[in-house]
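Examining the three-dimensional arrangement
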Amino acid sequence: MNKTLRGVKMKAKVVMDSQGIERALARIAHEILEKNKGIENLVVLGIPTRGYYLAIRLAEELEKIEGVKVHCGAVDATLYRDDIGLKKAKPLKEMDIPVPIDGRIVVMVDDVLYTGRTIRAAMNALMDFGRPEAIQLAVLVDRGHRELPIRADYVGKNIPTSKKEDVKVYLEETDGKNEVTIIPREGDNEA
Amino acid sequence: MRLKRKDLLGIEELSSEEIELILETAASMKEVSEREIKKVPTLRGKTIINLFYEPSTRTRTSFEIAAKRMSADAINISLSASSVVKGETLKDTALNLEAMNPDCIVVRHSVSGTPRMLAGYLSSTVINAGDGSHEHPSQALLDMMTVKEKLGRIKGVKLTIVGDIAHSRVARSNIYGFTKLGAVVTVCGPKTMLPPGIEALGCKATTDMQGAIKDADVIMMLRIQLERQKESLFPSTREYARLYGLDPVKLEKAPKDVIILHPGPINRGVEISPEVADGPWSLILNQVTNGVAVRMALFYLLLGGIKEEFS
(Lines give C-alpha, C1' and ligand atoms only; values in the text may rest on other atoms or scores of the structure.)
Protein backbone atom coordinates (compact mmCIF):
# COMPACT_ATOMS: atom_id res chain seq x y z
CA MET A 1 0.00 0.00 0.00
CA ASN A 2 2.67 2.47 1.01
CA LYS A 3 5.00 0.90 -1.51
CA THR A 4 4.92 4.03 -3.63
CA LEU A 5 5.67 6.11 -0.55
CA ARG A 6 8.64 3.95 0.27
CA GLY A 7 9.47 3.74 -3.40
CA VAL A 8 10.02 7.45 -3.43
CA LYS A 9 12.18 7.25 -0.34
CA MET A 10 14.18 4.18 -1.38
CA LYS A 11 14.64 4.09 -5.12
CA ALA A 12 16.27 1.20 -6.96
CA LYS A 13 20.01 1.77 -6.98
CA VAL A 14 22.33 0.29 -9.58
CA VAL A 15 25.43 -1.03 -7.83
CA MET A 16 27.09 -2.94 -10.69
CA ASP A 17 26.78 -2.38 -14.41
CA SER A 18 27.59 -4.66 -17.31
CA GLN A 19 31.28 -3.78 -17.28
CA GLY A 20 31.47 -4.14 -13.53
CA ILE A 21 30.05 -7.69 -13.73
CA GLU A 22 32.45 -8.59 -16.55
CA ARG A 23 35.48 -7.32 -14.67
CA ALA A 24 34.46 -9.04 -11.47
CA LEU A 25 34.12 -12.38 -13.30
CA ALA A 26 37.50 -11.90 -15.01
CA ARG A 27 39.13 -11.22 -11.66
CA ILE A 28 37.42 -14.21 -10.04
CA ALA A 29 38.68 -16.41 -12.89
CA HIS A 30 42.25 -15.29 -12.20
CA GLU A 31 41.81 -15.87 -8.49
CA ILE A 32 40.51 -19.39 -9.13
CA LEU A 33 43.54 -20.17 -11.27
CA GLU A 34 45.90 -18.69 -8.73
CA LYS A 35 44.41 -20.61 -5.84
CA ASN A 36 44.16 -23.95 -7.66
CA LYS A 37 47.28 -23.62 -9.82
CA GLY A 38 45.48 -24.57 -13.02
CA ILE A 39 42.20 -26.06 -14.09
CA GLU A 40 42.82 -29.76 -14.81
CA ASN A 41 40.94 -30.92 -11.78
CA LEU A 42 38.24 -28.25 -11.80
CA VAL A 43 34.46 -28.42 -12.30
CA VAL A 44 32.43 -25.22 -12.29
CA LEU A 45 28.85 -25.77 -11.14
CA GLY A 46 26.32 -22.98 -11.00
CA ILE A 47 23.19 -22.85 -8.86
CA PRO A 48 20.25 -22.24 -11.24
CA THR A 49 18.94 -19.97 -12.48
CA ARG A 50 21.40 -17.08 -12.54
CA GLY A 51 24.27 -18.85 -10.82
CA TYR A 52 24.23 -21.30 -13.72
CA TYR A 53 24.67 -18.58 -16.33
CA LEU A 54 27.41 -16.99 -14.23
CA ALA A 55 29.11 -20.41 -14.09
CA ILE A 56 29.00 -20.66 -17.89
CA ARG A 57 30.55 -17.20 -18.18
CA LEU A 58 33.18 -18.05 -15.59
CA ALA A 59 34.06 -21.27 -17.41
CA GLU A 60 34.42 -19.31 -20.66
CA GLU A 61 36.66 -16.83 -18.89
CA LEU A 62 38.83 -19.67 -17.55
CA GLU A 63 39.03 -21.20 -21.02
CA LYS A 64 40.12 -17.89 -22.48
CA ILE A 65 43.02 -17.68 -20.05
CA GLU A 66 44.09 -21.31 -20.04
CA GLY A 67 43.09 -22.41 -23.53
CA VAL A 68 41.56 -25.63 -22.19
CA LYS A 69 37.92 -26.59 -21.88
CA VAL A 70 36.53 -26.46 -18.35
CA HIS A 71 33.74 -28.78 -17.18
CA CYS A 72 30.69 -26.72 -16.40
CA GLY A 73 27.25 -27.68 -15.12
CA ALA A 74 24.44 -26.96 -12.71
CA VAL A 75 23.63 -28.05 -9.18
CA ASP A 76 20.05 -27.48 -8.11
CA ALA A 77 19.54 -27.18 -4.37
CA THR A 78 15.72 -27.16 -4.34
CA LEU A 79 15.20 -30.73 -3.11
CA TYR A 80 17.67 -30.15 -0.27
CA ARG A 81 16.29 -26.88 1.07
CA ASP A 82 15.56 -26.53 4.78
CA ASP A 83 12.34 -24.58 4.27
CA ILE A 84 10.36 -27.37 2.59
CA GLY A 85 6.99 -27.45 4.30
CA LEU A 86 7.57 -23.97 5.72
CA LYS A 87 7.43 -22.01 2.49
CA LYS A 88 5.69 -22.50 -0.82
CA ALA A 89 7.11 -25.43 -2.78
CA LYS A 90 9.60 -24.01 -5.24
CA PRO A 91 9.83 -25.11 -8.86
CA LEU A 92 12.65 -27.52 -9.59
CA LYS A 93 15.57 -26.45 -11.74
CA GLU A 94 18.02 -28.41 -13.78
CA MET A 95 20.65 -30.68 -12.27
CA ASP A 96 23.60 -31.23 -14.59
CA ILE A 97 26.73 -32.84 -13.21
CA PRO A 98 28.88 -33.26 -16.35
CA VAL A 99 31.67 -35.43 -14.86
CA PRO A 100 32.08 -37.56 -11.75
CA ILE A 101 33.02 -35.15 -8.99
CA ASP A 102 34.98 -37.66 -6.92
CA GLY A 103 38.40 -36.21 -6.24
CA ARG A 104 37.74 -33.01 -8.18
CA ILE A 105 37.69 -29.44 -7.00
CA VAL A 106 34.18 -28.08 -7.41
CA VAL A 107 33.72 -24.34 -7.75
CA MET A 108 30.08 -23.56 -6.95
CA VAL A 109 28.76 -20.34 -8.40
CA ASP A 110 25.77 -18.28 -7.28
CA ASP A 111 24.62 -14.76 -7.93
CA VAL A 112 23.92 -13.50 -4.41
CA LEU A 113 25.24 -14.87 -1.12
CA TYR A 114 22.81 -13.96 1.65
CA THR A 115 21.77 -16.31 4.49
CA GLY A 116 23.97 -19.14 3.22
CA ARG A 117 21.08 -21.60 3.35
CA THR A 118 20.98 -22.20 -0.40
CA ILE A 119 24.72 -22.91 -0.38
CA ARG A 120 24.31 -25.43 2.44
CA ALA A 121 21.55 -27.17 0.48
CA ALA A 122 23.66 -27.17 -2.69
CA MET A 123 26.61 -28.67 -0.83
CA ASN A 124 24.41 -31.47 0.48
CA ALA A 125 23.14 -32.08 -3.05
CA LEU A 126 26.72 -32.28 -4.32
CA MET A 127 27.71 -34.76 -1.64
CA ASP A 128 25.06 -37.15 -2.97
CA PHE A 129 27.01 -37.27 -6.22
CA GLY A 130 30.35 -38.16 -4.70
CA ARG A 131 33.23 -36.91 -2.62
CA PRO A 132 34.88 -33.88 -4.16
CA GLU A 133 38.42 -33.07 -3.11
CA ALA A 134 37.18 -29.60 -2.17
CA ILE A 135 34.23 -27.32 -2.70
CA GLN A 136 34.88 -23.64 -3.26
CA LEU A 137 32.32 -20.89 -3.55
CA ALA A 138 32.25 -18.00 -5.99
CA VAL A 139 29.51 -15.35 -5.81
CA LEU A 140 28.89 -12.21 -7.77
CA VAL A 141 27.54 -10.36 -4.74
CA ASP A 142 27.97 -10.96 -1.02
CA ARG A 143 25.29 -8.97 0.76
CA GLY A 144 25.94 -10.16 4.32
CA HIS A 145 23.38 -11.38 6.92
CA ARG A 146 24.68 -14.95 7.08
CA GLU A 147 22.63 -17.40 9.15
CA LEU A 148 25.06 -20.30 8.76
CA PRO A 149 28.86 -20.51 9.11
CA ILE A 150 29.51 -20.19 5.37
CA ARG A 151 31.76 -17.80 3.47
CA ALA A 152 32.68 -17.34 -0.16
CA ASP A 153 36.17 -18.01 -1.54
CA TYR A 154 35.67 -15.57 -4.41
CA VAL A 155 33.49 -12.47 -4.22
CA GLY A 156 32.66 -10.17 -7.11
CA LYS A 157 31.54 -7.36 -4.85
CA ASN A 158 30.73 -6.97 -1.17
CA ILE A 159 27.56 -4.93 -0.86
CA PRO A 160 26.41 -4.10 2.67
CA THR A 161 22.61 -4.18 2.69
CA SER A 162 19.69 -3.93 5.03
CA LYS A 163 17.38 -6.93 5.41
CA LYS A 164 14.63 -4.64 4.17
CA GLU A 165 16.30 -4.48 0.79
CA ASP A 166 16.54 -6.94 -2.07
CA VAL A 167 19.59 -7.42 -4.23
CA LYS A 168 18.53 -8.17 -7.76
CA VAL A 169 20.96 -9.55 -10.32
CA TYR A 170 19.94 -9.17 -13.96
CA LEU A 171 21.78 -11.14 -16.60
CA GLU A 172 21.60 -10.87 -20.37
CA GLU A 173 20.67 -14.58 -20.66
CA THR A 174 17.59 -14.35 -18.46
CA ASP A 175 16.68 -10.68 -18.18
CA GLY A 176 18.06 -9.02 -21.28
CA LYS A 177 20.52 -6.78 -19.40
CA ASN A 178 23.55 -7.08 -17.14
CA GLU A 179 23.06 -5.18 -13.92
CA VAL A 180 22.96 -5.52 -10.15
CA THR A 181 20.52 -3.29 -8.27
CA ILE A 182 19.36 -2.80 -4.71
CA ILE A 183 15.63 -2.32 -4.33
CA PRO A 184 13.33 -2.00 -1.32
CA ARG A 185 11.85 -5.37 -0.46
CA GLU A 186 8.44 -6.27 -1.83
CA GLY A 187 7.49 -9.67 -0.47
CA ASP A 188 9.40 -12.91 -0.89
CA ASN A 189 13.12 -12.95 -1.54
CA GLU A 190 14.85 -15.54 -3.68
CA ALA A 191 18.08 -15.72 -1.76
CA MET B 1 2.83 -21.45 -10.68
CA ARG B 2 2.12 -23.97 -7.95
CA LEU B 3 -0.33 -26.77 -7.24
CA LYS B 4 -2.75 -25.16 -4.85
CA ARG B 5 -4.75 -28.20 -3.88
CA LYS B 6 -4.83 -30.72 -1.07
CA ASP B 7 -5.64 -33.73 -3.22
CA LEU B 8 -5.15 -35.08 -6.70
CA LEU B 9 -8.39 -36.78 -7.65
CA GLY B 10 -8.38 -36.52 -11.42
CA ILE B 11 -7.04 -34.77 -14.48
CA GLU B 12 -10.46 -33.23 -15.16
CA GLU B 13 -10.01 -30.77 -12.30
CA LEU B 14 -6.49 -29.67 -13.31
CA SER B 15 -5.74 -26.62 -15.41
CA SER B 16 -3.34 -26.93 -18.32
CA GLU B 17 -0.84 -24.83 -16.33
CA GLU B 18 -1.00 -27.26 -13.44
CA ILE B 19 -0.43 -30.19 -15.79
CA GLU B 20 2.55 -28.43 -17.37
CA LEU B 21 3.97 -27.73 -13.92
CA ILE B 22 3.71 -31.41 -12.94
CA LEU B 23 5.32 -32.50 -16.21
CA GLU B 24 8.20 -30.03 -15.83
CA THR B 25 8.78 -31.05 -12.23
CA ALA B 26 8.70 -34.72 -13.24
CA ALA B 27 11.27 -34.11 -15.97
CA SER B 28 13.63 -32.73 -13.32
CA MET B 29 12.83 -35.57 -10.91
CA LYS B 30 13.87 -38.14 -13.47
CA GLU B 31 17.51 -37.29 -12.87
CA VAL B 32 17.29 -38.46 -9.24
CA SER B 33 16.48 -41.99 -10.38
CA GLU B 34 19.56 -42.03 -12.60
CA ARG B 35 21.98 -41.28 -9.78
CA GLU B 36 24.05 -43.79 -7.93
CA ILE B 37 22.42 -42.63 -4.70
CA LYS B 38 18.79 -42.54 -5.75
CA LYS B 39 17.44 -40.54 -2.86
CA VAL B 40 16.87 -36.93 -1.95
CA PRO B 41 15.99 -35.77 1.59
CA THR B 42 13.07 -33.59 0.49
CA LEU B 43 10.16 -35.36 2.22
CA ARG B 44 11.92 -36.62 5.32
CA GLY B 45 9.47 -37.47 8.07
CA LYS B 46 6.43 -37.60 5.79
CA THR B 47 4.33 -40.74 5.88
CA ILE B 48 2.61 -42.02 2.78
CA ILE B 49 0.12 -44.88 2.90
CA ASN B 50 -0.65 -46.89 -0.22
CA LEU B 51 -4.19 -48.15 0.23
CA PHE B 52 -4.88 -50.52 -2.63
CA TYR B 53 -8.25 -52.24 -2.88
CA GLU B 54 -7.41 -53.65 -6.31
CA PRO B 55 -4.45 -55.74 -7.42
CA SER B 56 -1.55 -53.72 -8.78
CA THR B 57 2.17 -54.28 -9.28
CA ARG B 58 3.28 -51.38 -11.39
CA THR B 59 1.34 -48.53 -9.87
CA ARG B 60 1.80 -49.57 -6.27
CA THR B 61 5.53 -50.25 -6.67
CA SER B 62 5.92 -47.01 -8.55
CA PHE B 63 4.24 -44.96 -5.81
CA GLU B 64 6.30 -46.77 -3.19
CA ILE B 65 9.61 -46.23 -4.98
CA ALA B 66 8.70 -42.59 -5.61
CA ALA B 67 7.96 -42.04 -1.91
CA LYS B 68 11.19 -43.73 -0.86
CA ARG B 69 13.33 -41.78 -3.33
CA MET B 70 11.91 -38.60 -1.77
CA SER B 71 12.82 -39.97 1.71
CA ALA B 72 9.19 -40.32 2.78
CA ASP B 73 8.12 -43.46 4.63
CA ALA B 74 5.81 -45.60 2.52
CA ILE B 75 3.44 -48.16 3.96
CA ASN B 76 1.53 -50.56 1.76
CA ILE B 77 -1.86 -51.92 2.59
CA SER B 78 -3.37 -54.46 0.27
CA LEU B 79 -6.83 -55.87 0.29
CA SER B 80 -6.05 -59.43 1.33
CA ALA B 81 -3.95 -58.44 4.34
CA SER B 82 -6.24 -55.76 5.72
CA SER B 83 -9.24 -55.50 8.00
CA VAL B 84 -11.47 -55.26 4.96
CA VAL B 85 -11.75 -59.02 5.09
CA LYS B 86 -13.07 -58.61 8.63
CA GLY B 87 -15.82 -56.36 7.33
CA GLU B 88 -14.51 -52.91 8.20
CA THR B 89 -15.97 -50.17 6.01
CA LEU B 90 -13.76 -48.06 3.81
CA LYS B 91 -14.58 -44.95 5.84
CA ASP B 92 -13.61 -46.62 9.10
CA THR B 93 -10.39 -47.94 7.61
CA ALA B 94 -9.51 -44.49 6.35
CA LEU B 95 -10.33 -42.75 9.63
CA ASN B 96 -8.27 -45.29 11.56
CA LEU B 97 -5.35 -44.79 9.23
CA GLU B 98 -5.68 -41.05 9.57
CA ALA B 99 -5.56 -41.39 13.36
CA MET B 100 -1.94 -42.47 12.87
CA ASN B 101 -1.18 -39.10 11.26
CA PRO B 102 -0.07 -39.95 7.74
CA ASP B 103 0.56 -37.05 5.37
CA CYS B 104 -0.79 -38.69 2.27
CA ILE B 105 -3.01 -41.60 1.34
CA VAL B 106 -2.73 -43.04 -2.14
CA VAL B 107 -5.88 -44.96 -2.91
CA ARG B 108 -6.99 -47.40 -5.58
CA HIS B 109 -10.50 -48.75 -5.54
CA SER B 110 -12.83 -50.48 -7.96
CA VAL B 111 -15.62 -48.00 -7.24
CA SER B 112 -15.48 -44.68 -9.07
CA GLY B 113 -15.46 -41.68 -6.74
CA THR B 114 -13.85 -43.44 -3.78
CA PRO B 115 -10.86 -41.05 -3.61
CA ARG B 116 -13.18 -38.04 -3.65
CA MET B 117 -15.21 -39.48 -0.81
CA LEU B 118 -12.07 -40.13 1.24
CA ALA B 119 -10.69 -36.67 0.48
CA GLY B 120 -13.80 -35.25 2.10
CA TYR B 121 -13.31 -37.25 5.29
CA LEU B 122 -9.58 -36.87 5.65
CA SER B 123 -7.28 -33.97 6.29
CA SER B 124 -4.36 -35.85 4.71
CA THR B 125 -3.62 -35.45 1.04
CA VAL B 126 -5.44 -38.03 -1.07
CA ILE B 127 -4.02 -39.17 -4.41
CA ASN B 128 -6.18 -41.17 -6.77
CA ALA B 129 -4.26 -44.20 -8.03
CA GLY B 130 -7.20 -45.38 -10.12
CA ASP B 131 -10.88 -45.45 -9.21
CA GLY B 132 -13.28 -47.72 -11.05
CA SER B 133 -13.75 -46.55 -14.61
CA HIS B 134 -13.41 -42.90 -13.59
CA GLU B 135 -9.81 -41.64 -13.60
CA HIS B 136 -6.20 -42.70 -13.24
CA PRO B 137 -4.48 -39.32 -13.15
CA SER B 138 -0.88 -40.39 -12.49
CA GLN B 139 -1.05 -42.77 -15.47
CA ALA B 140 -2.21 -39.99 -17.79
CA LEU B 141 0.53 -37.71 -16.48
CA LEU B 142 3.23 -40.27 -17.17
CA ASP B 143 1.77 -40.87 -20.63
CA MET B 144 1.89 -37.14 -21.35
CA MET B 145 5.43 -36.98 -20.00
CA THR B 146 6.51 -39.85 -22.26
CA VAL B 147 4.97 -38.27 -25.36
CA LYS B 148 6.40 -34.85 -24.54
CA GLU B 149 9.82 -36.34 -23.95
CA LYS B 150 9.78 -38.20 -27.26
CA LEU B 151 8.07 -35.69 -29.55
CA GLY B 152 9.02 -32.50 -27.74
CA ARG B 153 5.45 -31.29 -27.59
CA ILE B 154 1.86 -32.31 -26.94
CA LYS B 155 0.08 -29.46 -28.69
CA GLY B 156 -1.14 -30.66 -32.08
CA VAL B 157 -0.08 -34.28 -31.50
CA LYS B 158 -2.56 -36.83 -32.85
CA LEU B 159 -3.30 -39.47 -30.24
CA THR B 160 -5.41 -42.54 -30.91
CA ILE B 161 -6.60 -44.63 -27.99
CA VAL B 162 -7.73 -48.15 -28.90
CA GLY B 163 -9.61 -50.56 -26.68
CA ASP B 164 -12.32 -50.71 -24.07
CA ILE B 165 -12.90 -46.97 -23.77
CA ALA B 166 -16.10 -47.39 -21.76
CA HIS B 167 -14.43 -49.17 -18.86
CA SER B 168 -11.08 -47.43 -19.01
CA ARG B 169 -10.05 -44.89 -16.42
CA VAL B 170 -6.76 -44.59 -18.29
CA ALA B 171 -8.60 -43.49 -21.43
CA ARG B 172 -10.69 -40.95 -19.56
CA SER B 173 -7.75 -39.34 -17.77
CA ASN B 174 -5.77 -39.25 -20.99
CA ILE B 175 -8.62 -37.70 -22.97
CA TYR B 176 -8.85 -34.92 -20.38
CA GLY B 177 -5.11 -34.42 -20.17
CA PHE B 178 -4.15 -34.55 -23.82
CA THR B 179 -7.03 -32.36 -24.98
CA LYS B 180 -6.22 -29.79 -22.29
CA LEU B 181 -2.71 -29.55 -23.67
CA GLY B 182 -3.96 -29.16 -27.23
CA ALA B 183 -3.60 -32.68 -28.65
CA VAL B 184 -6.14 -34.16 -31.05
CA VAL B 185 -7.55 -37.31 -29.49
CA THR B 186 -9.41 -40.12 -31.26
CA VAL B 187 -10.83 -43.10 -29.41
CA CYS B 188 -11.41 -46.36 -31.20
CA GLY B 189 -12.95 -49.70 -30.33
CA PRO B 190 -15.89 -51.97 -31.03
CA LYS B 191 -19.26 -50.32 -30.55
CA THR B 192 -19.86 -52.15 -27.28
CA MET B 193 -16.78 -50.50 -25.85
CA LEU B 194 -17.40 -46.93 -27.00
CA PRO B 195 -19.55 -45.09 -24.49
CA PRO B 196 -22.24 -43.00 -26.17
CA GLY B 197 -21.53 -39.30 -25.86
CA ILE B 198 -17.79 -39.71 -25.33
CA GLU B 199 -17.29 -36.95 -27.93
CA ALA B 200 -18.48 -34.52 -25.28
CA LEU B 201 -15.02 -34.83 -23.71
CA GLY B 202 -13.51 -33.27 -26.81
CA CYS B 203 -12.39 -36.36 -28.72
CA LYS B 204 -13.47 -38.15 -31.89
CA ALA B 205 -14.84 -41.70 -31.70
CA THR B 206 -14.67 -44.39 -34.36
CA THR B 207 -14.94 -48.14 -34.79
CA ASP B 208 -12.57 -48.09 -37.76
CA MET B 209 -9.13 -49.04 -36.50
CA GLN B 210 -7.27 -48.50 -39.77
CA GLY B 211 -8.71 -45.04 -40.20
CA ALA B 212 -7.94 -44.18 -36.59
CA ILE B 213 -4.25 -45.07 -36.75
CA LYS B 214 -3.65 -43.92 -40.34
CA ASP B 215 -2.10 -40.61 -39.38
CA ALA B 216 -1.63 -40.96 -35.65
CA ASP B 217 1.54 -39.71 -33.96
CA VAL B 218 0.82 -41.79 -30.88
CA ILE B 219 -1.20 -45.00 -30.54
CA MET B 220 -2.23 -45.96 -27.03
CA MET B 221 -3.41 -49.55 -26.71
CA LEU B 222 -5.57 -50.32 -23.70
CA ARG B 223 -5.49 -53.61 -21.90
CA ILE B 224 -8.46 -55.83 -22.57
CA GLN B 225 -9.71 -56.52 -19.11
CA LEU B 226 -10.23 -60.23 -19.47
CA GLU B 227 -11.71 -60.31 -15.98
CA ARG B 228 -14.57 -58.21 -17.33
CA GLN B 229 -15.37 -60.48 -20.21
CA LYS B 230 -18.32 -61.92 -18.37
CA GLU B 231 -20.15 -58.95 -19.81
CA SER B 232 -19.36 -60.36 -23.28
CA LEU B 233 -18.46 -57.12 -25.02
CA PHE B 234 -17.08 -59.10 -27.96
CA PRO B 235 -17.54 -62.68 -29.12
CA SER B 236 -14.02 -63.96 -28.43
CA THR B 237 -10.56 -62.68 -27.62
CA ARG B 238 -9.35 -64.12 -30.93
CA GLU B 239 -11.84 -62.03 -32.81
CA TYR B 240 -10.91 -58.96 -30.81
CA ALA B 241 -7.23 -59.57 -31.50
CA ARG B 242 -7.95 -59.90 -35.22
CA LEU B 243 -10.02 -56.71 -35.44
CA TYR B 244 -8.47 -54.40 -32.83
CA GLY B 245 -5.20 -56.02 -31.76
CA LEU B 246 -2.15 -54.06 -32.88
CA ASP B 247 0.11 -56.29 -34.95
CA PRO B 248 2.81 -55.56 -37.56
CA VAL B 249 0.29 -55.82 -40.42
CA LYS B 250 -2.03 -53.15 -38.99
CA LEU B 251 0.94 -51.08 -37.95
CA GLU B 252 2.02 -50.77 -41.58
CA LYS B 253 -0.99 -48.52 -42.12
CA ALA B 254 0.28 -46.11 -39.46
CA PRO B 255 3.02 -43.50 -40.02
CA LYS B 256 6.55 -44.96 -39.85
CA ASP B 257 7.64 -42.98 -36.81
CA VAL B 258 4.49 -43.59 -34.76
CA ILE B 259 5.03 -44.31 -31.08
CA ILE B 260 3.09 -46.89 -29.10
CA LEU B 261 2.02 -46.69 -25.49
CA HIS B 262 0.31 -49.20 -23.25
CA PRO B 263 -0.51 -48.71 -19.57
CA GLY B 264 0.27 -52.36 -18.77
CA PRO B 265 -0.05 -55.12 -17.91
CA ILE B 266 -0.08 -56.21 -21.55
CA ASN B 267 -1.97 -59.22 -22.87
CA ARG B 268 0.48 -60.39 -25.49
CA GLY B 269 -1.33 -61.53 -28.57
CA VAL B 270 -4.62 -59.94 -27.59
CA GLU B 271 -4.58 -56.14 -27.82
CA ILE B 272 -0.92 -56.00 -28.79
CA SER B 273 1.27 -58.54 -30.54
CA PRO B 274 4.68 -59.40 -29.04
CA GLU B 275 6.48 -58.02 -32.13
CA VAL B 276 4.84 -54.64 -31.60
CA ALA B 277 5.17 -54.59 -27.82
CA ASP B 278 8.90 -55.32 -28.05
CA GLY B 279 9.50 -53.34 -31.23
CA PRO B 280 11.27 -50.03 -31.74
CA TRP B 281 7.99 -48.08 -31.73
CA SER B 282 7.12 -49.20 -28.25
CA LEU B 283 7.73 -46.84 -25.33
CA ILE B 284 6.02 -49.12 -22.82
CA LEU B 285 9.04 -49.38 -20.54
CA ASN B 286 9.82 -45.66 -20.82
CA GLN B 287 6.32 -45.13 -19.48
CA VAL B 288 7.15 -47.19 -16.42
CA THR B 289 10.38 -45.28 -15.82
CA ASN B 290 8.58 -41.96 -16.17
CA GLY B 291 5.87 -43.17 -13.79
CA VAL B 292 8.27 -42.97 -10.87
CA ALA B 293 9.32 -39.42 -11.83
CA VAL B 294 5.71 -38.28 -12.19
CA ARG B 295 4.79 -39.67 -8.78
CA MET B 296 7.85 -38.08 -7.16
CA ALA B 297 6.73 -34.79 -8.68
CA LEU B 298 3.21 -35.25 -7.33
CA PHE B 299 4.50 -35.97 -3.83
CA TYR B 300 6.80 -32.96 -3.98
CA LEU B 301 4.15 -30.58 -5.27
CA LEU B 302 1.40 -31.81 -2.93
CA LEU B 303 3.44 -32.41 0.24
CA GLY B 304 6.38 -30.02 -0.18
CA GLY B 305 4.53 -26.76 0.44
CA ILE B 306 2.67 -25.20 3.33
CA LYS B 307 -0.50 -27.01 4.27
CA GLU B 308 -2.53 -23.99 5.32
CA GLU B 309 -2.49 -22.42 1.89
CA PHE B 310 -5.13 -24.59 0.26
CA SER B 311 -7.75 -24.70 2.96
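Residues numbered from 1 in each chain as written. Chains lettered and ligands numbered in written order. Predicted model: local features only at pLDDT ≥ 70, side-chain atom pairs only at ≥ 80, totals over all residues. Heavy atoms only, no water.

**Comments concerning the overall build of chain B**
The helix and strand tally for chain B stands at 11 helices and 9 strands. Projected onto the principal axes, the alpha-carbon positions of chain B cover approximately 55 × 45 × 35 Å. Burial status across chain B gives 57% buried among its 311 residues. Sequence separation of 24 or more characterises 73% of the internal contacts of chain B that already satisfy a separation of 6 or more. Total accessible area on chain B is roughly 13,000 Å²; 52% of this is exposed by carbon and sulfur atoms. Across chain B, the mean location of the 40 positive side-chain charges is 1 Å away from that of the 37 negative side-chain charges. (Helix = DSSP H or I, 4+ residues; strand = E, 2+ residues; numbered from the N terminus. Buried < 20%, exposed > 50% of the residue type's maximum accessible area, 1.4 Å probe, protein only. Contact = heavy atoms within 4.5 Å. Areas by Shrake-Rupley, 256 points an atom, 1.4 Å probe, with all protein chains shown as cover. Lys, Arg positive; Asp, Glu negative; His and termini not counted. Charge placed at Lys NZ, Arg CZ, Asp CG, Glu CD.)

**Details of the sheet that holds strand E6 (residues 154-158) of chain A**
All names here are of chain A. Pairing is parallel across the open sheet formed by 5 strands, whose spatial order is E3-E2-E4-E5-E6. Since the sheet does not close on itself, it has two edges, and those belong to strand E3 (71-74) and E6, each with one partner. With direction set aside, neighbouring strand axes in the sheet form an average angle of 20°. Pairing geometry for strand E2 (residues 42-46) and strand E4 (residues 105-113), over 5 bridges, is parallel. Across the sheet, Val-43 pairs through a bridge with Val-106, a residue of E4. Strand contacts of helix H4 (residues 117-127): E2, E4 and strand E5 (134-142), with the helix running at about 155° to E4, the strand carrying the most contacts. (Pairing = 2+ DSSP bridges. Axes fitted to C-alpha atoms, helices over the stretch in contact; angles between N-to-C directions.)

**Some remarks on the nonpolar core**
In terms of nonpolar packing, the biggest core is built from 90 residues, with Leu-141, Met-144, Ile-161 and Phe-299 of chain B touching the most fellow members. Considering each element in turn, this core owes the most residues, 11 residues, to helix H11 (residues 284-303) of chain B. Composition of this core by domain shows at least three residues from each of domain 1 (16-136 + 291-310) and domain 2 (137-287) of chain B. Other than its neighbours up to four places away in sequence, Met-144 of chain B contacts Ile-11, Ile-19, Leu-23, Ile-154, Gly-177, Phe-178 and Leu-181 of chain B. Counting residues in hydrophobic clusters, the runner-up holds 32 residues, among them Ile-21, Leu-33, Val-44 and Val-70 of chain A. (Core = buried A, V, L, I, M, F, W, Y, C linked by side-chain atoms within 4.5 Å. Domains from an automatic or database assignment.)

**What about the packing of helix H5 (residues 137-151) of chain B against H11 of chain B?**
All names here are of chain B. Running from N to C, H5 and H11 cross one another at 115°; their axes reach a closest spacing of 8 Å. Relative to H11, H5 is oriented so that their crossing is right-handed. Counting all contacts with H5, which are made through Ser-138, Gln-139, Leu-141, Leu-142, Asp-143, Met-145, Thr-146 and Glu-149, the residues of H11 involved are Asn-286, Gln-287, Asn-290, Gly-291, Ala-293, Val-294, Arg-295 and Leu-298. Per-class residue counts for the contact of H5 with H11 are 6 nonpolar, 7 polar and 3 charged. (Left-handed = near helix turned anticlockwise from the far one by under 90°. Nonpolar A, V, L, I, M, F, W, Y, C, P; charged D, E, K, R; others polar.)

**So, the confidence of the model for chain A**
Predicted confidence across chain A gives a mean pLDDT of 90, with 92% of residues reaching 70 or more. Scored below 50 in pLDDT, residues 1-8 of chain A makes 2 contacts in the model with residues more than four places away or belonging to other chains. (pLDDT = per-residue confidence, 0-100.)

**Regarding the sheet that holds strand E2 (residues 73-78) of chain B**
Strand pairs in the sheet, formed through backbone hydrogen bonds, run parallel or antiparallel to each other. Residues and elements named next belong to chain B. Reading across from one edge, E2-E1-E3-E4 is the order of the 4 strands in this open sheet, with parallel pairing throughout. With partners counted over all chains shown, the strands left at the sheet margins are E2 and strand E4 (125-131), one partner each. Neighbouring strand axes in the sheet, compared pairwise and without regard to direction, differ in orientation by 15° on average. Bridge count between strand E1 (residues 47-52) and strand E3 (residues 104-109): 5 bridges; the pairing is parallel. In the sheet register, Ile-49 faces E3, and the bridge partner there is Ile-105. Each of E3 and E4 touches helix H4 (residues 114-121); the most contacted strand, E4, lies at about 165° to it. Helix-sheet contacts for H11 involve E1, E3 and E4, and the interaxial angle to E4 is about 150°.

**Describing helix H2 (residues 18-36) of chain A**
All names here are of chain A. With 19 residues, H2 extends 27 Å between its outermost C-alpha atoms, agreeing within 8% with the 27 Å of an ideal straight helix rising 1.5 Å per residue. Burial in H2 covers these residues: Ile-21, Ala-24, Leu-25, Ile-28, Ala-29, Ile-32, Leu-33 and Asn-36. Positive phi shows up at Lys-37, right after H2, with a value of about 55°. (Expected span 1.5 Å × (residues − 1).)

**Structural notes on empty space enclosed by the protein**
All names here are of chain B. In the structure shown here, the tally under the stated rule is 3 cavities of 30 Å³ or more. Taken as a whole, the largest cavity holds about 80 Å³ of empty space. Among the secondary structure elements, those contributing two or more residues to the lining of the largest cavity are helix H2 (58-69), H5 and H11. Residue classes in the lining of the largest cavity are distributed as 3 nonpolar, 6 polar and 2 charged. Two domains each put at least three residues into the lining of the largest cavity: domain 1 (16-136 + 291-310) and domain 2 (137-287). (1 Å grid on protein atoms, 1.4 Å probe; cavity = no way out; pocket = protein on both sides within 12 Å on 5 of 7 lines; lining within 4 Å. Points joined across faces, edges and corners; volume = space filled by probe spheres on them.)

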